[in-house]
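# Understanding the architecture of this molecule
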Amino acid sequence: MSLFEQVSEDIKKAMLAKDKVALDALRGIKKEFLEAKTAKGGDGELHDDRALQILQKLVKQRKESAEMYAAANRPELADEEMAQCKIIERYLPAMLSEEELEEVLKGIIAQVGAAGPQDMGKVMGVATKQLAGKAEGKAINMKVRELLNK
């Protein structure tokens, strides 16, 4: 079952359960999926790899919104964004732990022959492709910076 079909099924379940937060999050996902399917230049299909990219974007947006709401002293809105974020994250593959991320990045650094901070671009190019869906870009960036400055 594709991610699009899974989300559609889960919308029905959320409606039956009268779960407003889940329903809002799932409808947001489906809206983005439909827009991607009908986007100009698309083939009318939504492949799971593209769907995962969309889900990652939605999680990032929710987290940024929650931070802004928290900074504006609106904890009720921040909590709602984080609740939706948790629902969206259920569809993403498990993220790497900090230790696993460090091990993978050490391998990538050795692979590209990076010697210091000046090689950050080389490492990030390979790392973001290889770790897509497994780690957040911000976490990758911070860990690469830390490893190259040692």
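To be clear, the structure that these remarks concern was listed above.
Residues numbered from 1 in each chain as written. Predicted model: local features only at pLDDT ≥ 70, side-chain atom pairs only at ≥ 80, totals over all residues. Heavy atoms only, no water.

### Observations regarding the overall build of the protein chain
Looking only at helices and strands, the protein chain has seven helices and zero strands in total. Dimensions of the protein chain along its principal axes, counting C-alpha atoms only, are 55 × 45 × 25 Å. Expressed as a percentage of the 150 residues in the protein chain, the buried residues total 35%. For the protein chain, contacts bridging at least 24 residues in sequence account for 58% of all contacts bridging at least 6. Split by element, the accessible area of the protein chain, about 9,400 Å² in all, is 54% carbon and sulfur. Side chains of the protein chain carry 25 positive and 26 negative charges; the gap between the two charge centres is 3 Å. (Helix = DSSP H or I, 4+ residues; strand = E, 2+ residues; numbered from the N terminus. Buried < 20%, exposed > 50% of the residue type's maximum accessible area, 1.4 Å probe, protein only. Contact = heavy atoms within 4.5 Å. Areas by Shrake-Rupley, 256 points an atom, 1.4 Å probe, with all protein chains shown as cover. Lys, Arg positive; Asp, Glu negative; His and termini not counted. Charge placed at Lys NZ, Arg CZ, Asp CG, Glu CD.)

### Describing helix α7 (residues 137–148)
For α7, with 12 residues, the first-to-last C-alpha span of 16 Å sits near the 16 Å given by 1.5 Å per residue. Among all positions in α7, only Ile140, Lys143, Val144, Leu147 and Leu148 are buried. Down the axis of α7, the buried set is contained in an arc of 125°. They therefore lie on one face. Turned more than 90 degrees away from the buried face of α7 sit Lys138 and Met142, all of them exposed. On its buried face, α7 sits against α5 (98–112) and α6 (120–130). (Expected span 1.5 Å × (residues − 1). Arc of directions from axis to C-beta.)

### Observations concerning the layout of surface pockets
One water molecule sets the probe size; rolling that probe over the atoms shows where empty space is left. In this structure, the largest pocket occupies an estimated 540 Å³ of space. For the largest pocket, the lining is made up of 22 residues, of which Gln56, Lys60, Glu136, Gly137 and Lys138 are closest to its centre. Of all the secondary structure elements, the ones that give two or more residues to the lining of the largest pocket are α3 (48–71) and α7. Examining the composition of the lining of the largest pocket, we find that eight residues originate from one element, α3, more than from any other. In terms of residue class, the lining of the largest pocket is built from nine nonpolar, five polar and eight charged. In this structure, the second largest pocket spans a volume of roughly 180 Å³. In this structure, the second largest pocket is lined by Met95, Leu96, Ser97, Glu98, Leu101, Lys134, Ala135, Glu136, Ala139, Met142, Lys143 and Glu146. Elements with a contribution of two residues or more to the lining of the second largest pocket: α5 and α7. Looking at the lining of the second largest pocket, the element that brings in the most residues is α7, giving four residues. Split by residue class, the lining of the second largest pocket holds six nonpolar, one polar and five charged. (1 Å grid on protein atoms, 1.4 Å probe; cavity = no way out; pocket = protein on both sides within 12 Å on 5 of 7 lines; lining within 4 Å. Points joined across faces, edges and corners; volume = space filled by probe spheres on them. Nonpolar A, V, L, I, M, F, W, Y, C, P; charged D, E, K, R; others polar.)

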